[in-house]
Amino acid sequence: MSKKAAAAAKRKPTKKAKTAARKPKKLVSMSQNPQNDWTMKDVETVCRALKMECQAPTGGGSHHKVYSQDLRGPLTIPAKKPIKAFYIKKFVTKCETQWKLLNEKEATDE
């Protein structure tokens, strides 16, 4: 056994502190550039990552509903491309609140 391997075997394993989950990259991009050409597919991707529901329109409607059981009230986003920056800003605010709640739940579960 080499000296490096012997030294590594003597060291005690360190406990890694559990860090908070990272924000989805698309959410960070949306918050930095809400005017980009965001689509409902992007919104749905972020919703899945944050365990939120994104309900497609039913009965010939044109607006998607984004909601979570942890947050109050749905956010209605028109499906027209590209989604206006106003709706993306509201979506980012709701998602960041959801992200904080998920991290708090993880911390209390430990």
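Residues take numbers from 1 onward in each chain, read along the sequence in its written order. In view of the model being predicted, local features appear only for residues whose pLDDT reaches at least 70, and side-chain atom pairs are presented and counted only at 80 or more, with totals across whole chains, interfaces and linings using the full set of residues. Side-chain numbers come from the whole structure's heavy atoms, not from hydrogens or water.

### Here's the deal with the overall build of the protein chain
In terms of helices and strands, the protein chain carries four helices and three strands. Buried means the residue's accessible area, taken with a 1.4 Å probe over protein chains only, is under 20% of the maximum for its type, while exposed means over 50%, and partly exposed covers the values in between. The buried share of the protein chain, reckoned over its 110 residues, is 27%. Counting from the N terminus, the helices are DSSP H or I runs at least four residues long and the strands are E runs at least two residues long.

### What to know about the packing of aromatic side chains
In this description, a pair of aromatic rings is defined by centroid distance and the angle of the planes. The criterion for an aromatic pair is that two Phe, Tyr or Trp rings (for Trp, the six-membered ring) have centres within 6.5 Å, with stacked assigned to planes under 30 degrees apart, edge-to-face to planes over 60 apart and tilted to the rest. According to the stated counting rule, one finds one aromatic pair in the structure shown. Seen from the ring of Trp 99, Lys 23 lies directly overhead, with NZ or CZ sitting 5.1 Å from the centre. Note on geometry: a ring has a charge over it if NZ (lysine) or CZ (arginine) is within 6 Å of the ring centre and within 35 degrees of the ring normal.

### What to know about helix H3 (residues 40-49)
Those residues of H3 that sit buried are Met 40, Asp 42, Val 43, Val 46 and Cys 47. Down the axis of H3, the buried set is contained in an arc of 155°. They therefore lie on one face. Away from its buried face, by an angle of more than 90 degrees, H3 presents the exposed residues Lys 41 and Arg 48. Pairs of residues are marked as contacts when any of their non-hydrogen atoms sit within 4.5 Å. Here the buried face of H3 lies against helix H2 (25-32), strand E1 (53-55), strand E2 (63-67), strand E3 (75-78) and helix H4 (85-109). Lys 51 sits one or two residues past H3 and shows a positive phi near 60°. Arc definition: directions from the helix axis to the C-beta atoms.

### Comments concerning the pattern of salt bridges
Think of a salt bridge as a Lys or Arg side-chain nitrogen and an Asp or Glu carboxyl oxygen that are within 4 Å of each other. Tallied over the entire structure, the rule returns three salt bridges. Linking Glu 96 and Lys 23 is a salt bridge whose minimum nitrogen-to-oxygen distance equals 3.4 Å. Of this pair, Glu 96 sits in helix H4 while Lys 23 sits in the loop between helix H1 (3-10) and H2, and the two are 73 residues apart along the sequence. Note that Asp 70 and Lys 105 form a salt bridge whose closest N and O atoms lie 3.1 Å from each other.

### Let's talk about the sheet that holds E3
One open sheet holds the three strands; their spatial order is E1-E2-E3, and the pairing between them is antiparallel. Since the sheet does not close on itself, it has two edges, and those belong to E1 and E3, each with one partner. On average, each strand axis in the sheet is inclined to that of its neighbour by 25°, with strand direction left out of account. Two strands pair when backbone bridges link them, and E1 and E2 are joined in this way by three bridges, in the antiparallel orientation. Should DSSP find at least two bridges between two strands, the strands are regarded as paired. Interaxial angle, 0 to 180 degrees, is taken between N-to-C directions of lines fitted to C-alpha atoms, where a helix line uses only the stretch in contact.

### Quick word on unusual backbone geometry
Between Lys 81 and Pro 82 the backbone carries a cis peptide bond, its omega angle lying at -20°. Tracing the backbone shows Pro 82 in the loop between E3 and H4. Backbone geometry at Lys 51 places phi at a positive 60°, although glycine is not the residue there. A residue is classified by how much of its surface remains accessible, and Lys 51, at 66% relative accessible area, is exposed.

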